[in-house]
Amino acid sequence: MGRGEITDAAWVRIEPLLPQRDGVGRPWRDHRQVVNGVLWRLRTGAPWRDLPERYGPWQTVYRRFARWEKDGTWAALLREVQVRNDAVGAVEWTVSIDSTAARAHQHAAGARKKGNRPEDESDDPAAVARREALGRSRGGLTTKIHLGVDGRGLPLSIVLSTGNTADCTMLPAVLDGIRVPRVGAGRPRTRPERVVADKAYSSRRIRSLLRRRRIRATIPERRDQIAGRARRASRGGRPPAFDKTVYKGRNVVERCFAKLKQFRAVATRFDKLANRYRACVVLASLILWLRAEEQ
C-alpha cells in the first residue's frame, strides 16, 4: 500500500458498496487500483495525464471518477458511511457551520459548453461563473466551500458557491444538505440539535429560521447589532441566548477545513466544472469519515 492509498480496513467497508457491473457487460478494471489512482490525484493535485502507470491508464481512472460523480456513487459512499456511524450513535448532532475559500487555478476557468442546455442557462459570463461556482474576491478567482460538520468535525453537508458570496446567505442550503437516512424505518435525520456559527451568520433572518426548525443556535452578535439594541433601550428587546462554553467547540469546522486542504486538489481548484470539484471535496470527506472509523 502506497502513501495516501486506501487502507485494507477502509477497503473492506466500501468495496461492497461499489458498482459491480459497468452497464455494457464489460469487466471493470480493478476497483481498488482505480480508487487509489483517484486518491493520488486528489492528494497531489497533478494533471490526470501525469498519473503514475501503477494505477493503469489515466483515461480509465478519470472516466471512472467522472462517471461515479455523475451517477452519484461518490455521494452514495459518503452517505452510507454517515448512516453506519449514525446507527451506532457515533454522529454528534451539534453542527458547526462555516466556509472557506479555495483559489481557482487558471486551468479551472473556460469550461467548454457541450450539448443542449436548459433555456434558463445563459451564456452570459457572470451566469456561467455562478453556475460553475467561480467568483471574484480578494483572493482572485475563488470558490467557497460551505460545510456543516458534526461535533467531531466530520462533514454532514457540502455546498459550493462563488468566492464573493456572503456566508449567511448559504446557511439554509447547508441545512438542507444535512440528510442522513435511517437504517430501518423512518424519515432521514435532517435536523441537528444545535447550530454553532460565527458572527458572519448573526442575522434576524437566520435566527428566525433556526427557531422555526426548532434548532438551538449558538451565534455571537456583531458589535453593530449590540449597539443598535442598546440605542433602542427597552424597545431593543432581550439579547439572544449565547453559550460561550458551547461556542468553544466551533473550532471543529476549522480543523475539518485544515484536514480537507491537505488534499491539494481541494486546497486549490483545478477542475473546470463545479460538480467535478465538489466530487473531490466529497471524496476527501469520505476519507475523513473512514479514518475516524479506524481510530
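Residues numbered from 1 in each chain as written. Predicted model: local features only at pLDDT ≥ 70, side-chain atom pairs only at ≥ 80, totals over all residues. Heavy atoms only, no water.

Give me the lowdown on helix α7 (residues 204–212), citing residues and values where you can.
Three or more residues of α7 are buried, namely I206, R207, L209 and L210. One face of α7 carries all of its buried residues, which in axial projection span an arc of 160 degrees. Counted as exposed and oriented over 90 degrees from the buried face of α7: R204, R205, R211 and R212. Each element contacted by the buried residues of α7 is listed here: α6 (171–176), β5 (194–196) and β6 (216–218). Where α7 ends, the next residue or the one after it, R214, has phi of about 60 degrees, a positive value. (Buried < 20%, exposed > 50% of the residue type's maximum accessible area, 1.4 Å probe, protein only. Helix = DSSP H or I, 4+ residues; strand = E, 2+ residues; numbered from the N terminus. Arc of directions from axis to C-beta. Contact = heavy atoms within 4.5 Å.)

Before we move on, could you go through the packing of helix α4 (residues 73–87) against helix α12 (residues 274–294) and cite the residues and values that matter?
One can describe the packing of α4 onto α12 by two numbers: an axis separation of 9 Å at closest approach and a directional angle of 30 degrees. Judged by the inter-axis angle, α4 sits roughly parallel to α12. α12 is crossed by α4, and the crossing has left-handed handedness. Of the residues in α12, those touching α4 at W74, A75, L77, L78, V81, Q82, R84 and N85 are A279, V282, L283, S285, L286, W289, L290 and E293. Of the residues contributing to the contact of α4 with α12, the split by class is eleven nonpolar, three polar and two charged. (Axes fitted to C-alpha atoms, helices over the stretch in contact; angles between N-to-C directions. Parallel < 35°, antiparallel > 145°, perpendicular 65-115°, else oblique. Left-handed = near helix turned anticlockwise from the far one by under 90°. Nonpolar A, V, L, I, M, F, W, Y, C, P; charged D, E, K, R; others polar.)

Would you mind going over α12 in detail, with residue names and values included?
With 21 residues, α12 extends 31 Å between its outermost C-alpha atoms, agreeing within 8% with the 30 Å of an ideal straight helix rising 1.5 Å per residue. With 16 of its 21 residues buried, α12 lies for the most part within the structure. (Expected span 1.5 Å × (residues − 1).)

For the packing of aromatic side chains, give the residues involved together with the corresponding values.
Counting across every chain of the model gives five aromatic pairs. Seen from their ring centres, W48 and Y62 are 5.3 Å apart, and the 65 degrees between their planes marks the pair as edge-to-face. Placement of the pair is W48 in the loop between α2 (31–44) and α3 (58–70) and Y62 in helix α3, with a sequence separation of 14 residues. For the pair F65 and W74, a centre-to-centre distance of 6.3 Å together with 40 degrees between the ring planes defines the contact as tilted. Exposure class is identical for F65 and W74. Each is buried. (Phe/Tyr/Trp six-rings, centres within 6.5 Å; stacked < 30°, edge-to-face > 60°.)

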